[in-house]
Amino acid sequence: MTVDRRAMPRALGVLGRIVLVALLVVGLVLALEDPFTVLFYGSYALAGALLVIRRPRNSIGWLLLVIGIGFIGTTARRDLDLDALVAGTATTRDFLLAWFGSWAGGLTFTAFLALTILFPSGHLPGGRSRVLALTAIAVALGSVVVSAVAPAFNFNPDGGATDYTIPNRLAVLSDLPVWQDGASRLLFLVPVALLAAGVIAVIIRFRRSRGILRLQMRWLVASMAAIVAALMFGLGSIVIDDGALGGFA
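No experiment lies behind these values; they were computed from the predicted model shown.

1. Focus on the packing of helix H5 (residues 92–118) against helix H8 (residues 189–208)
One can describe the packing of H5 onto H8 by two numbers: an axis separation of 9 Å at closest approach and a directional angle of 25°. As far as their axial angle goes, H8 and H5 are roughly parallel. The handedness of the crossing between H5 and H8 is left-handed. Mapping the contact onto sequence places Gly 106, Phe 109, Thr 110, Phe 112, Leu 113, Thr 116 and Ile 117 in H5 and Pro 191, Val 192, Leu 194, Leu 195, Gly 198, Val 202 and Arg 205 in H8. Of the residues assigned to the contact of H5 with H8, the class counts are nine nonpolar, four polar and one charged.

2. Topic: the layout of surface pockets
Looking at the second largest pocket, its volume works out to about 370 Å³. In this structure, the second largest pocket is lined by 15 residues; those nearest its centre are Ile 117, Leu 132, Ala 133, Gly 198 and Ala 201. When contributions to the lining of the second largest pocket are tallied by element, the ones reaching two or more residues are H5, helix H6 (128–148) and H8. Broken down by element, the residue count for the lining of the second largest pocket peaks at seven residues, all from H8.

3. So, H8
Taking 1.5 Å of rise per residue, the 20 residues of H8 would be expected to cover 28 Å, and the 29 Å separating its terminal C-alpha atoms lies within 8% of that figure. If you check which residues of H8 are buried, you get Pro 191, Val 192, Leu 195, Gly 198, Val 199, Val 202 and Phe 206. The arc that holds the buried residues of H8, viewed along the axis, is 115°, so those residues lie on one side. Opposite the buried face of H8, at more than 90 degrees from it, the exposed residues are Ile 200, Arg 207 and Arg 208.

4. A look at unusual backbone geometry
The linkage connecting Phe 119 with the following residue, Pro 120, adopts the cis geometry, with an omega of 0°. Checked against the element boundaries, Pro 120 lands in the loop between H5 and H6.

5. Details of a nonpolar patch on the surface
On the surface, a nonpolar cluster with roughly 260 Å² of combined accessible area is contributed by Val 21, Val 25 and Val 29. Looking at the secondary structure, you find Val 25 in helix H1 (residues 14–31).

6. Notes on the packing of H1 against helix H2 (residues 35–54)
For the pair H1 and H2, interaxial distance at closest approach is 10 Å and the crossing angle is 175°. When the axes of H1 and H2 are compared, the pair comes out roughly antiparallel. Judged by residue contacts, Arg 17, Leu 20, Leu 23, Leu 24, Gly 27, Leu 28 and Ala 31 of H1 engage Thr 37, Val 38, Tyr 41, Ala 45, Ala 49, Val 52 and Ile 53 from H2. Per-class residue counts for the contact of H1 with H2 are 11 nonpolar, two polar and one charged.

7. Re the nonpolar core
Core analysis: the biggest nonpolar cluster contains 28 residues, and Tyr 44, Ile 67, Phe 112, Leu 115 and Leu 195 have the highest contact counts within it. When contributions to this core are tallied by element, the ones reaching two or more residues are helix H3 (59–73), H5, H6, H8 and helix H9 (211–241). Of all the elements, H5 adds the most residues to this core, at eight residues. Setting aside anything within four residues of it in sequence, one finds Tyr 44 in contact with Leu 64, Leu 65, Ile 67, Gly 68, Phe 71, Phe 112, Ser 223 and Ile 227. Counting 17 residues, the second largest nonpolar core, distinct from the first, contains Ala 84, Phe 100, Trp 103 and Phe 153.

Rules behind the numbers
- Residues numbered from 1 in each chain as written.
- Predicted model: local features only at pLDDT ≥ 70, side-chain atom pairs only at ≥ 80, totals over all residues.
- Heavy atoms only, no water.
- Axes fitted to C-alpha atoms, helices over the stretch in contact; angles between N-to-C directions.
- Helix = DSSP H or I, 4+ residues; strand = E, 2+ residues; numbered from the N terminus.
- Parallel < 35°, antiparallel > 145°, perpendicular 65-115°, else oblique.
- Left-handed = near helix turned anticlockwise from the far one by under 90°.
- Contact = heavy atoms within 4.5 Å.
- Nonpolar A, V, L, I, M, F, W, Y, C, P; charged D, E, K, R; others polar.
- 1 Å grid on protein atoms, 1.4 Å probe; cavity = no way out; pocket = protein on both sides within 12 Å on 5 of 7 lines; lining within 4 Å.
- Points joined across faces, edges and corners; volume = space filled by probe spheres on them.
- Expected span 1.5 Å × (residues − 1).
- Buried < 20%, exposed > 50% of the residue type's maximum accessible area, 1.4 Å probe, protein only.
- Arc of directions from axis to C-beta.
- Patch = residues over 30% accessible without salt bridge, like charges linked within 9 Å, V, L, I, M, F, W, Y side chains within 5 Å.
- Areas by Shrake-Rupley, 256 points an atom, 1.4 Å probe, with all protein chains shown as cover.
- Salt bridge = Lys/Arg side-chain N within 4 Å of Asp/Glu carboxyl O.
- Core = buried A, V, L, I, M, F, W, Y, C linked by side-chain atoms within 4.5 Å.

Given below as structure tokens:
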């Protein structure tokens, strides 16, 4: 029996593994800011790294790494100089941490969206669903990129409703009229809405699946349910902290 070596997963290589380990260590150092971040980052990043080493051509491992890194960006940071950030005079370190934190959540939701589409094979579906899947991922990722280059971004240092507007040193095309209408504030809703649609699609796929695929889908459905629950809790907390219920006090 002849084995087609082209169909076998290509090894990551020594250099690739060194870079991967370095990325994991740097991520762990940044995640030490919060114990829950260490837990979330460690679980997703470690699982992703193992998959990347064994099957570097499968996109699932890479998506898990992105999700792990995204959790670092969404960690509440209280050691930044907020006055300097608002004034545009913060250090490069403080600015980059705040800037990454402003769009890391959208990146994480986009990675989860891609996970709902590509799991478990790591490939896009065929037929007409392929175009729809590509469009959803492209729109979600595009919204993240646009928010990252907006003239200003919103920063929540405590992970709650406290909101600071920070001038963006990495802004692109700052004179576009769309920025003046405050549209950038709503960009984070794009990947969230698409992720919600992706979760519904996953539930439908799970109900129709059988055998090994159904066992694999159980892990994804459980993970998505936890993410949606955490998202609803977080949004609810922000609404309450923002005084939406103040009229009943």
